[in-house]
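Structural features, examined
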Amino acid sequence: METEIRIKSSAGGFRQFTKNHGIIFITIGVIVAATIAVWIKNGDPWSFLAAQNFINILRANSVTGVIAFGMAFVIISGNIDLSVGSQMTLVGIITFNVINVTGSILAGLLTAVLSGVALSMICGFIVTKGAVPSFIITLGLSYIYRSLSIFSLNSGGITVGDKAFQAISNTSLGPIPLPILYFFIVFLLYFYISKYTVMGRRIYAVGSNQQATRLSGINTNWVKIQAFALLGLTVGLAAVIEGSRMNSINSSSTGNGYDLNTIAMAVVGGIAMEGGKGSIVNCLFGIIILAVINTSMTILGVNVYLVNAIKGAIIIFAVLLLRSRGKLN
Amino acid sequence: MEYALEMRGINKSFSGTRVLKDVDISVEKGHIHALVGENGAGKSTLMNILGGVLPMDSGQVLLFGEEVMFSSPAAAQEKGIAFVHQELNVVNDLPVYENMFLGHELRKGRGMIDARAMITQTVDVFKRIHVDVDPKAMVRDLDATSKQIIEIAKSVLFHAKLIILDEPTTSLTGFEVENVFNVMRNLTSDQGVTILFISHKLGEVVEFCDKVTVLRNGELVDTCVMTKADGALLAQSDIARMMVGKNVLDVEVYRKRELGEVILSVEGLHVGSAVKGVSFELHKGEILGITGLLGDGKNELVGALFGDEHPTAGTITKDGQTIRPKRPADARKLGIGLLPTNRKENAIIPALSVTDNMTIVTLEDYVSGFTMVRGRETKIAEQFKERLNIKVERLSDLIVSLSGGNQQKVVLAKWLIAKPDIMILSNPTQGVDVGAKNEIYHLIMELAQEGVGIIVTSGEAQEVQKICDRVLVMYHGDMTGELEREELSEESIMILSTGGSLGQ
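Residues numbered from 1 in each chain as written. Chains lettered and ligands numbered in written order. Predicted model: local features only at pLDDT ≥ 70, side-chain atom pairs only at ≥ 80, totals over all residues. Heavy atoms only, no water.

**Here we look at the interface of chain A and chain B**
Let me state the cut-off plainly: Contact definition: two residues touch when any of their heavy atoms are within 4.5 Å. Throughout, buried area stands for the accessible area (probe radius 1.4 Å) lost by two parts on being put together, summed over both. The salt bridge definition used is simple: a Lys or Arg side-chain nitrogen within 4 Å of an Asp or Glu carboxyl oxygen. A helix here means a DSSP run of H or I that spans at least four residues, while a strand means a run of E at least two residues long, and both kinds are numbered starting from the N terminus. In the scheme used here, Gly and all other residues not listed as nonpolar or charged are polar, with Ala, Val, Leu, Ile, Met, Phe, Trp, Tyr, Cys and Pro taken as nonpolar and Asp, Glu, Lys and Arg as charged.
Tallying the contact residues gives 21 residues for chain A and 31 residues for chain B. Together chain A and chain B conceal approximately 2,000 Å² of surface at their shared face, both sides included; 56% is due to carbon and sulfur atoms. Of all residues in chain A, Arg201, Leu215 and Ser216 of chain A give up the largest surface area on contact with chain B, accounting jointly for 31% of the area buried on that side. For the pair chain A and chain B, the interface holds four salt bridges. In this structure, the salt-bridge partner of Arg214 of chain A is Asp308 of chain B, at a minimum N-O distance of 2.7 Å. Broken down by secondary-structure element, the contributors of at least two residues to the side of chain A that touches chain B are helix 9 (178–196), helix 10 (198–208) and helix 11 (210–214) of chain A. Looking at the side of chain A that touches chain B residue by residue, the class counts come to eight nonpolar, nine polar and four charged.

As structure tokens, then:
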């Protein structure tokens, strides 16, 4: 009798595990598929699975990955932000100018973080006070940011004179390039915020039922603005990581497509668009899935014009898979 | 005697738990037959079997003498069974007639919608059941009663012979309930329709139904005729006793207490045109009832106290200080709590667990440095689970997995943890079964004894009568009367809440 019960509960435990961690299986599936595809392509079964390859994948996606964690909070709070790509460009241009004028990299870092947070908080303020869907507001803001960027540089680019600035993203700690380290630091910080802080709990509550949260004596507008601030912080950091790595920002091309890419990472990572649901750990897996897809298609030499079509199809498939699992359980 | 419906020996189990045990129910044609029981008694399961939503394990269903077995809701519908669910399924942005035909629109030839025919048929149905609603009105502009009546009229339109109504009057008060029942009465007497009526409101059951069937823990307790042989009506307490298996309605909850000093005073408060110059005082340890019919302004009044509505004139004084809460967050800091109406929209945070729902008001209390300490949260949640007798397997379960009564206790707990000086309870027992209702009344009484000033708003005269020291009655934004406990009666409340005066 006792054994019977134990078997039953362990089966239940496994089902519970796959339900909660289905994203892990999808991640493994995507990596296996990419490995096989690359194997077929160049005849070497190990080329995709090499450690260096994974380091490359993470480094190439560390900038969008960092923003995706911030995006997760905004989506959990029941909003969306379509302006992060152009916001990052504008913040980068401001930062580069500050470094070039003051000669201080530290001043630049502070500028990046503060202007990133400030712009996002203004956005959050307009969204909450105006009670307008964030979709519309951030669409408008993305035009404003991009236009101001292009106007300020007369559609050109900008670089930083001080070579020390490039060290921020082009240094390695042992085999690990620093951008990957920054990415995991942001992950740990945002995981902590989501799980162990009052702010994190309130962001989930607001996204799940704003009215009930407000009537629990919580200033829900402020909570939503905080979620935007968390996104703004990642945008500021991303501007520094990207700017340092390239040592240049192009007013019209830098950050293009980052909005949808980061949203895709969060959504594939199980952050529900209706708000209130999703975990930062799963979001990490969503980022890895998208990163693997992005990079493996480059390795496979897929026609550049087709890359987005394939990516879009994979995103839709992954989300449908996660959804149907959720429903079954 | 002709039966519209006979269900015999119905059994149903969910994963090993028997939720219906050999249940029999017979409903006479043309009757309004009530089905009552606490949450979890098996009412919904039984009705879902009848409506073709769930299959039964064993048993027999006879509809007008013919044995039937429905594999889907559509099959049940075809045989003339209409199931009107508790939640209103009307579309606010469509006119009445389009709501009536939603999904079955009449067309003329090439897919064009035949509005005229739909309006004519709607008028016809409304006339048959004596309903006075403009078929071209937008549903948004209708009150809750009319929306409910549209739902019922829909089933008449599609020739239902047996209508199942699942708690159709939960959100209605006094006259509105009567309106809905008048329509139901017309249906049964003029149209020969039979109605199965599920309700928690025993007053309505006794007043309007012909028979009542009581279920408890999945078993049939009894079916009784409402008018006894000697002509007297069955007592509500009799039904309640059958539902819970013990004497609950007779339990005296109220206890006389010494009241403290004035904690809150409201002077000439106006809220737009909803509240017109209301003044009153609340003492420490007092339970003050505010009652009235729909549109009386009581919700706007307490909303203003909680910072959810903005007073246009007047003053609110708490502990001698004038306060102006701009939002609920301000009210919370001032020591005012609110248990709102409509739990699902206003009080439940569905994505959070039972514990997290309980601690949402007091999050700062569990913080050490920046970090929330899970252990502190769990400890307090355990404590209030015990104190409020909340039935939940694990506190980490989502709140939506609980029954209505237990959800309400969780909502109450989140404010009790915050230890407010003033607690406002709006419809505290809405959608709560009899057993949990009494537990909530006891809790309110306990709170009052601890010195909390309590305001209870309710549309149910019985409720305020049961627990309040004093009751204010409102009518269209005016305070029409103030009744001390000794003066309380359903009659006096009804007179004042319809704009009359007690004429002394």
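**Here's the deal with the nonpolar core**
In plain terms, the rule: By nonpolar core is meant a set of buried Ala, Val, Leu, Ile, Met, Phe, Trp, Tyr and Cys residues that side-chain atoms within 4.5 Å join together. Note on exposure labels: buried denotes an accessible area under 20% of the residue type's maximum, exposed denotes more than 50%, and partly exposed covers the range between, all computed with a 1.4 Å probe on protein chains only. Domain ranges listed in this record stem from an automatic or a database domain assignment.
Formed by 166 residues in total, the largest nonpolar core has its most connected members in Phe69 of chain A together with Leu264, Phe280, Met358, Ile454 and Ile455 of chain B. The leading source of residues in this core is helix 4 (residues 62–76) of chain A, at 11 residues. Formed jointly, this core draws a minimum of three residues from each of two domains, domain 2 (251–335 + 421–504) and domain 3 (348–419) of chain B. Setting aside residues no more than four positions away along its own chain, Leu264 of chain B makes contact with Phe280, Glu281, Leu282, Leu305, Ile316, Thr317, Lys318, Ile422 and Ile455 of chain B. Judged by nonpolar contacts, the second largest core, of 54 residues, contains Phe101, Phe126, Ala137 and Ala160 of chain B.

**Considering the packing of helix 5 (residues 84–102) of chain A against helix 13 (residues 258–268) of chain A**
All names here are of chain A. What counts is decided by this rule: With axes taken as lines fitted to C-alpha atoms, and helix axes fitted only over the stretch in contact, angles between N-to-C directions fall between 0 and 180 degrees. Throughout, the term roughly parallel applies to angles under 35 degrees, roughly antiparallel to angles over 145, roughly perpendicular to angles from 65 to 115, and oblique to all others.
As a packed pair, helix 5 and helix 13 sit with axes 6 Å apart at the nearest point and diverge in direction by 125 degrees. Classified by the interaxial angle, the pair formed by helix 5 and helix 13 is oblique. In this structure, helix 5 contributes Val84, Gly85, Ser86 and Met88 to the contact, and helix 13 contributes Tyr258, Asp259 and Thr262. Partitioned by chemical class, the residues of the contact of helix 5 with helix 13 number three nonpolar, three polar and one charged.

**Topic: the confidence of the model for chain A**
Residue and element names in this part refer to chain A. Test applied: On a scale of 0 to 100, pLDDT captures the predictor's confidence in every residue.
For chain A, mean pLDDT is 89; residues scoring 70 or higher make up 91% of the total. Of all the helices and strands in chain A, helix 1 (residues 2–20) carries the lowest mean pLDDT, 47, while helix 4 carries the highest, 98. Every residue in residues 1–12 scores below 50 in pLDDT, and together they form zero contacts with partners more than four places removed in sequence or on other chains.

**A short note on the environment of Ile152 of chain B**
Residue and element names in this part refer to chain B. Among the secondary structure elements, Ile152 is positioned in helix 5 (residues 144–157). Given the relative accessible area of 0%, Ile152 is considered buried. Considering only alpha carbons, one finds Ile152 and Val139, 13 residues apart in sequence, at a separation of 14 Å. Each residue touching Ile152, except ones within four places of it in the same chain, is listed here: Leu165, Val180, Met184 and Leu187.

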